[in-house]
Amino acid sequence: MQEILFFDVDGTLLDSQFHMAESTKKALIQLKQNGHRLCIATGRSYDSLLRTHITEMIEWDGILCNNGQLVLDKDRRILFKALIPIESARAFLKIAAKKNYPVVVKCKERFISQAADENTILVHRHFNNPLPKVGTLDHQEVEAMNIYAPQSEDYHDFSQIEGIDIIPCALNYAEVSPKGVSKASSINYLLQYYGHTSYIAFGDSPNDIKMLKNAKTAVVMGQSIEEVKRCATLVTHSIDQDGIMAACLQLHLLKEET
């Protein structure tokens, strides 16, 4: 049976230095050869995703960026695009400035709202992402935002802002998306495009939870936090212990070589 599979990138397919295990590469190639459709579902923006070079490894059947804010088909044509309302972004940045939290605004020319603090630098280093220049919000189209704050921040002061959703992450930052947009909601555009009614998901992070909960089969990487593991149909090995290949074999998507 032909399946459609959605893979998170960081912590699922790639480690923090953009390295992919040889077993994972082999699994992706064999899955394609077996006729399955493979899609990316990442919190990265499209330009950030390209820097990982993962889009060059195989012919992907679809790409979701910024946690579903942008959906591309196999030919990189836009199936769906959402934006954060400009007034919502301005209100968010105003509160963040009062709290002295840096915010990276993802737009055509991404920028950071103030000088990066130590925490911001550490998060960018973890994801192997360059720090953008300090800038201001004028009339740019805002795709998404990242705010860098202590894990003790509950984001209550931001919760009254219309037009956004906030996902606190395992590290000291949170992802800000257009209201109602998630990996789970945007997967539906590719399901409809290809005529599927269900999917298999692979993930490791809080921004994968909705996608995992809505999947027919939810595979969670072994190094994930407990909150994410509770969504799993299958908890596989960690990313550095051939977790993708192990899951594909256990789910009989691939056969053990003899």
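Preceding this section is the structure that the text describes.
Below is a short write-up of the structure. (Residues numbered from 1 in each chain as written. Predicted model: local features only at pLDDT ≥ 70, side-chain atom pairs only at ≥ 80, totals over all residues. Heavy atoms only, no water.)

**Overview of the pairing of strand S12 (residues 217-220)**
We apply this condition: Per-residue accessibility, obtained with a 1.4 Å probe over protein chains only, is compared with the maximum for each type, and a residue is labelled buried under 20%, exposed over 50%, and partly exposed between these values. Starting at the N terminus, helices and strands are each numbered in turn, a helix being any DSSP run of H or I of at least four residues and a strand any DSSP run of E of at least two. Strands qualify as paired when DSSP identifies two bridges or more between them.
Alternating residues of S12 divide into Thr 217 and Val 219 and Ala 218 and Val 220, and every residue in both groups is buried. The pairing of strand S11 (residues 200-203) with S12 spans four bridges and is classified as parallel. Directly across from Phe 202, in S12, lies its bridge partner Val 219. Both S12 and strand S13 (residues 234-235) contribute to a ladder of two bridges, which runs parallel. Counterpart to Val 220 in the pairing with S13 is Val 235.

**Considering the sheet that holds strand S2 (residues 37-41)**
Strand order across the open sheet formed by eight strands is S5-S4-S3-S2-S1-S11-S12-S13, with mixed pairing between neighbours. A strand with exactly one partner marks an edge of an open sheet, and here the two such strands are strand S5 (78-81) and S13. For S2 and strand S3 (residues 62-65), the ladder comprises three bridges, and the chain directions are parallel. Among the inter-strand pairings, Ile 40 is bridged to a residue of S3, identified as Ile 63.

**So, the nonpolar core**
Here is the rule: What makes a nonpolar core is a set of buried Ala, Val, Leu, Ile, Met, Phe, Trp, Tyr and Cys residues whose side-chain atoms join them at distances within 4.5 Å. Contact between two residues is taken to exist if any of their heavy atoms lie within 4.5 Å; hydrogens are not considered.
Counting 31 residues, the largest nonpolar core has Phe 7, Leu 13, Ile 54, Trp 60 and Phe 202 as its most contacted members. Per-element accounting of this core gives the leading share, four residues, to helix H8 (residues 243-250). With near-sequence residues (within four places) excluded, Trp 60 lies in contact with Phe 7, Leu 13, Leu 28, Leu 38, Cys 39, Ile 40, Ile 54, Thr 55 and Lys 74.

**Section: the packing of helix H1 (residues 22-33) against H8**
In a packed pair of helices, the relevant descriptors are the angle between the two axes and the axis-to-axis distance. As a reminder of what qualifies: Note on geometry: axes are lines fitted to C-alpha atoms, helical ones only across the stretch in contact, with angles between N-to-C directions running from 0 to 180 degrees. By definition in this entry, angles of less than 35 degrees are roughly parallel, angles greater than 145 are roughly antiparallel, angles of 65 to 115 are roughly perpendicular, and the rest are oblique. Amino acid classes used here: Ala, Val, Leu, Ile, Met, Phe, Trp, Tyr, Cys and Pro are nonpolar; Asp, Glu, Lys and Arg are charged; the rest, including Gly, are polar.
Between H1 and H8, the least distance of the axes is 7 Å, while the angle of their chain directions is 40°. By the angle class used here, H1 and H8 are oblique. Facing Ser 23, Thr 24, Lys 26, Ala 27, Gln 30 and Leu 31 of H1, the residues of H8 in contact are Ile 244, Met 245 and Cys 248. Among the residues making up the contact of H1 with H8, the classes are represented as five nonpolar, three polar and one charged.

**Observations regarding the pairing of strand S6 (residues 103-106)**
With burial as the criterion, each face of S6 is covered, one bearing Val 103 and Val 105 and the other bearing Val 104 and Lys 106. The pairing of S6 with strand S7 (residues 111-112) spans two bridges and is antiparallel. What sits directly across from Val 105, in S7, is Phe 111.

**Thoughts on the side chain of Ser 45**
Along the polypeptide, Ser 45 turns up in the loop between S2 and helix H2 (46-52). Of the residues examined, Ser 45 reaches a relative accessible area of 1% and is grouped as buried.

**Some details on the sheet that holds strand S8 (residues 144-147)**
Hydrogen bonds along the backbone pair up the strands of a sheet, which may run parallel or antiparallel. If you walk across this open sheet you meet the five strands as S7-S6-S8-S10-S9, and the pairing is antiparallel. The outermost strands of the open sheet, each flanked by one partner alone, are S7 and strand S9 (164-168).

**Section: the packing of aromatic side chains**
The line we're drawing: What counts as a ring pair is set by centres within 6.5 Å for rings of Phe, Tyr and Trp (its six-membered ring), and what kind of pair is set by the plane angle: stacked under 30 degrees, edge-to-face over 60, tilted for all other angles.
Scanning all chains against the criterion turns up nine aromatic pairs. Aromatic side chains Phe 127 and Tyr 173 sit 5.9 Å apart centroid to centroid with 80° between the ring planes, which places their arrangement in the edge-to-face category. Residue Phe 127 is located in the loop between helix H4 (118-126) and S8, and its partner Tyr 173 is located in the loop between S9 and strand S10 (174-178); the two are separated by 46 residues in the primary sequence. Classification of Phe 127 by relative accessible area gives buried; the value is 17%. Between Tyr 193 and Tyr 194 the ring centres are 4.9 Å apart and the planes differ by 85°, which places this aromatic pair in the edge-to-face class.

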